[in-house]
Amino acid sequence: MSQKISYNFSLPNKLDKKALFLVLGTTLYTVARAAWPIIALMFVKREFKSWYFFAVIGVIILTTFVTKLINYFYFSYQVVDDELIIKKGWLNKSTTVVKLDKIHEVNLNQKFVHKIIGLYLVNIDTAGSSSTEIEINGIDFQKALALKDVLTSSVEINPESRTISSEENDEAIIEDQSADKIKISLISLIKIGLTRNYLQTFGLLIAFSFQIIDQLQDFFYKDDASVYDDIFEASYDEYLGLVGVVLFFGLIAVVVIFNLARTLLTYYNYQINLKDKHLTASYGLTDSHIISVPANKVQMFQFQQNYFQKLMNLFEVKIKQVESNEDNKKKKGLIIPGVNHLELNTLFNVIFSNNLIDLKNGYKPHIRVLAIKIAILCIPAIISLIILYFTDSLLFSWIILPFFSLGCLLIYMGYKNEKMVFKDDFVILKSGIWDITTTYLPIDKIQKVSISQSYFQEKRQIGSLNLYTAAGIITLYYYDFNMLQRMVNEILYKIEKNKHSWM
Amino acid sequence: MFENTLVELDEIPQYQEITFSGLHNNYKKIVVLNSLITLLLGVGICIVLFFLIDEIEKLFAIISILVISALLALLPLISYKKKKYAFRKHDVLFKKGLIFKTTHISPYIRLQHVVIKQGWYAKKLGLATLVMYTAANNFSDISIPGLTLEEAERWKFFLMNRIQELNDESENQL
């Protein structure tokens, strides 16, 4: 780990000089983001072109710039013994002290501005609340790497403060010494980009387009007319079918292209280094990220695959870590798009020093879950029937039928795909309708279990089990109750007997 | 020294076979008070609605609110008896639910911290709630209401000791 240039972190370190540009850039960006509707309005309507308006914007920019400048000059960081000390503020001074062994992960990120200047934003995540998350904005690459090594080295140097490290693990470390590297090629990235996250993107697009339509409407339509009227009028004509078909395929094409672009932008040039039970991933076209994950902090291992991806032997892997309590927006997890089965196995092996488990004989939920879910599906159907009845349009009630049967089909597919395996030290749950997700939950990471059975389930001995972890909940819904009870006993037994810590 | 002998399934302790202890009798008073407050709130909303809205359809809303608040008030009265707890050597168990019977179990080695909570009425009655937090984020705490303050403090002391012990053992194991 010897760097060419040695850095002294024991004295207070300032941010890089070039970070001044960063200050300027972020100032402009924040002001622009906050004020863009006003600016856009000004350009379109050409009414507010008075000088004081510009003066106000100028003052806003200046004050933000000055406060950011002060923050910049009064920011310093240093590493003394085993503590990271961050000092900031001019009038309100604050000092943050973090023990190095409390540091969870150190990530290097680059926004577009950073990329131009060639500086990095270092995010330091600590165990605990989000308020103790630390950002060091503006360090050059070599120094950032050196800092990262200093901050994370304590993890490797004194393993007694860490935890899981039995003899097997030590052997595994020696085996893995030959730094494995997984690189995701552009082709598999394109393949995965074409096939992933349809629903999510579709939702995003709809949200976007409504916003855009509303904005356009403000500008181009008078109050009483609406853009939807135009669309309706157009579609009432005889070429209704044609418009529908064109719209439908157009939408699909837009979704796919949007998806592809998003995937390529975020995950361009994806590389993973597997070294010393550490995963280090680097990726990104406009914004770069370098994220490293120690294997013993992985709480859950997920991979998903849909029908197309199955044909191409590609998986999307999600490595889940501790989610912070306060902000649920920022889910912590590392996404690896487009690895093949062999690489998947390697990844799994590095993290858990174990091979992927064959899912041949597992448990399935009780068949009654189908009846329950279809009964739930009946509620919207009945409601829409009632509405149709009261609006005297029962003639159209056949419309409900295809939707209802589609719902039934989806429920059946979900049931067919679901499977649970409890083997070795893992609870493995495979589920999903289109994107089939397989979740590996190591038993040692379970924080709490809750097993439940309702009055109606008693006769058939069905029940549900919730497994709570620091990275989310896994629910086994409608399984055989006796099996679940056995499972609970065994899980508790293993946790309490092994006494492995979960982090 | 680490042993890992072969285990038959029957040797694994069964959580189902434990005798649970019930909550303190005075806890009933808290439940009754809470139910009364819920009922009063419901009735209050109904009265306000009755005088505010001048249409005949208001009766539907009023009746449904009344029924819901009555149910919300009644259910805890029946189901509080189902709340039971047990402390084993390695984990804590808490059982509840009338129709949906749920058992929450958390091993001591996964507990982050233990807190005693007291509302004003509980303070008057000398009762306390023992809350045990784990690192899992949502709904992951186990809280046992209706213990006497003395019991709660003794359990807390026991738990703190136990957590320390187990953590030491876990570290020595390496």
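Keep in mind that this is a model prediction, so the values were computed, not measured. Throughout this description, residue numbers start from 1 for each chain and increase along the sequence as written. Each chain is given a letter, starting from A, and each ligand a number, starting from 1, according to the order in which they appear as written. Predicted model: local features are reported for residues with pLDDT of at least 70 only, side-chain atom pairs are reported and counted for 80 or more only, and whole-chain, interface and lining totals are derived from all residues.

### Overview of the overall build of chain B
Scanning chain B from terminus to terminus reveals 4 helices and 7 strands. For chain B, the α and β elements follow one another from N to C terminus as β-α-α-β-β-β-β-α-β-β-α. Two things to know: the radius of gyration comes from C-alpha atoms, and the globule rule equals 2.2 Å times the number of residues to the power 0.38. Here the C-alpha atoms of chain B give a radius of gyration of 22 Å, more than 25% beyond the 16 Å that 2.2 N^0.38 yields for 174 residues. Overall size of chain B, expressed as C-alpha extent along the three principal axes, is 80 × 35 × 30 Å. To sort residues by burial, count the other C-beta atoms lying within 10 Å of each one's C-beta; a count of 20 or more means buried, 12 or fewer means exposed, and anything in between means partly exposed. C-beta atoms are built from the backbone. Going through the 174 residues of chain B one by one, you find that 22% of them count as buried. Labels follow the DSSP assignment, with helices taken as runs of H or I lasting at least four residues and strands as runs of E lasting at least two, numbered in each case from the N terminus.

### Here we look at the domain arrangement of chain B
One frequent convention defines the size of an interface as the accessible area lost when the parts assemble. All names here are of chain B. Boundaries between domains were set according to an automatic or database domain assignment. Assigned domains within chain B: domain 1 (27-79) and domain 2 (83-172). Between the C-alpha centres of domain 1 and domain 2 the distance comes to 32 Å. We call two residues in contact when their backbone-placed C-beta atoms lie within 7 Å. On the domain 2 side, the residues contacting the 6 residues of domain 1 number 8 residues. Of all the elements in the fold, those that place two or more residues in the side of domain 1 that touches domain 2 are α1 (27-52) and α2 (58-79). Among the elements that take part in the side of domain 1 that touches domain 2, α1 stands out by supplying 4 residues, more than any other. Within the side of domain 1 that touches domain 2, the residues separate by chemical class into 4 nonpolar, 1 polar and 1 charged. Three classes are used: nonpolar for Ala, Val, Leu, Ile, Met, Phe, Trp, Tyr, Cys and Pro, charged for Asp, Glu, Lys and Arg, and polar for all others, with Gly counted as polar.

### Remarks on the interface of chain A and chain B
At the interface, 28 residues of chain A touch 30 residues of chain B. The set of elements that each furnish at least two residues to the side of chain A that touches chain B consists of β17 (446-454), β18 (462-469) and α14 (481-498) of chain A. A class-by-class count of the residues in the side of chain A that touches chain B yields 10 nonpolar, 12 polar and 6 charged. When DSSP finds two or more bridges between two strands, those strands count as paired. Pairing between β17(A) and strand β4 (residues 100-107) of chain B: 6 bridges, direction antiparallel. In the sheet register, S452(A) faces β4(B), and the bridge partner there is T102(B).

### Some remarks on the UniProt feature "transmembrane region" (unreviewed entry) in chain B
Residue and element names in this part refer to chain B. UniProt positions are given in the numbering used here, feature names are shortened, and annotations may be inferred rather than shown by experiment. UniProt records the feature "transmembrane region" (unreviewed entry) at residues 30-53 and 59-80, using the numbering of this structure. Annotated as residues 30-53, this span is 96% helix and 0% strand, and its ends, taken at the C-alpha atoms, are 35 Å apart. The annotated region residues 59-80 carries 95% helix and 0% strand content, and the separation between its end C-alpha atoms amounts to 32 Å.

### Things to note about the environment of L334(A)
Residue and element names in this part refer to chain A. Assignment of secondary structure puts L334 in strand β13 (residues 333-339). The exposure class of L334 is buried, given the 21 C-beta atoms found within 10 Å. Ignoring any residue separated from it by four or fewer positions in sequence, one finds L334 in contact with A281, I291, V293 and I319.

### Concerning the sheet that holds strand β14 (residues 419-423) of chain A
Residues and elements named next belong to chain A. The strand order across the open sheet built from 6 strands is β13-β12-β11-β16-β15-β14, with neighbouring strands paired in antiparallel fashion. Single-partner strands in this sheet number two, and they are β13 and β14. Recorded for the sheet is a direction-independent mean angle of 15 degrees between the axes of neighbouring strands. Bridge count between strand β12 (residues 315-320) and β13: 6 bridges; the pairing is antiparallel. Within β13, the residue paired with I319 across the bridge is L334. To obtain each axis, a line is fitted to C-alpha atoms, and for helices this fit is confined to the stretch in contact; angles are then taken between N-to-C directions over 0 to 180 degrees. Most of the contacts of helix α6 (residues 186-195) go to β13, to which it runs at about 105 degrees, and overall it touches β12 and β13.

### Side note on the sheet that holds strand β5 (residues 119-126) of chain A
Hydrogen bonds along the backbone pair up the strands of a sheet, which may run parallel or antiparallel. Residues and elements named next belong to chain A. Read across the sheet, 7 strands follow the order β6-β5-β4-β10-β9-β8-β7 without closing on themselves; strand pairing throughout is antiparallel. Each of the sheet's edge strands pairs with one partner strand only, and the pair in question is β6 (134-140) and β7 (180-184). Put simply, the sheet's adjacent strands are angled 15 degrees from each other on average, direction ignored. Of the strand pairs in this sheet, strand β8 (residues 270-275) and strand β9 (residues 278-283) are connected by 5 bridges, and their pairing is antiparallel. Within the sheet, the bridge partner assigned to I272 lies in β9 and is A281.

### Focus on unusual backbone geometry
All names here are of chain A. The phi angle at Y478 is positive, at roughly 65 degrees, despite the residue not being glycine. Along the chain, Y478 turns up in strand β19 (residues 472-480). Classification of Y478 as buried rests on a count of 22 C-beta atoms within 10 Å. In the Ramachandran plot, K499 falls in the positive-phi region, its phi being about 55 degrees despite a non-glycine side chain. For K499, the position within the fold is in the segment after α14.

### Quick look at the UniProt feature "transmembrane region" (unreviewed entry) in chain A
Residue and element names in this part refer to chain A. When the UniProt feature table is mapped onto this chain numbering, "transmembrane region" (unreviewed entry) sits at residues 20-44, 50-70, 197-213, 239-261, 370-390, 396-415 and 462-479. For residues 197-213, the helix share is 94%, the strand share is 0%, and the end-to-end C-alpha distance is 24 Å. Between the C-alpha atoms that bound residues 462-479 the distance is 6 Å, and the span itself is 0% helix and 89% strand.

### Points about the environment of N361(A)
Looking at where N361(A) falls in the secondary structure, it is placed in the loop between α11 (341-352) and α12 (368-390). Sequence separation of N361(A) and F422(A) is 61 residues, and the distance between their C-alpha atoms is 9.8 Å.

### Here's the deal with the confidence of the model for chain B
With 92% of its residues at a pLDDT of at least 70, chain B reaches an overall mean of 86. Of the two predicted TM-score estimates for the complex, the pTM is 0.77 and the ipTM is 0.87. As a per-residue measure, pLDDT tells how confident the predictor is, with possible values from 0 to 100.

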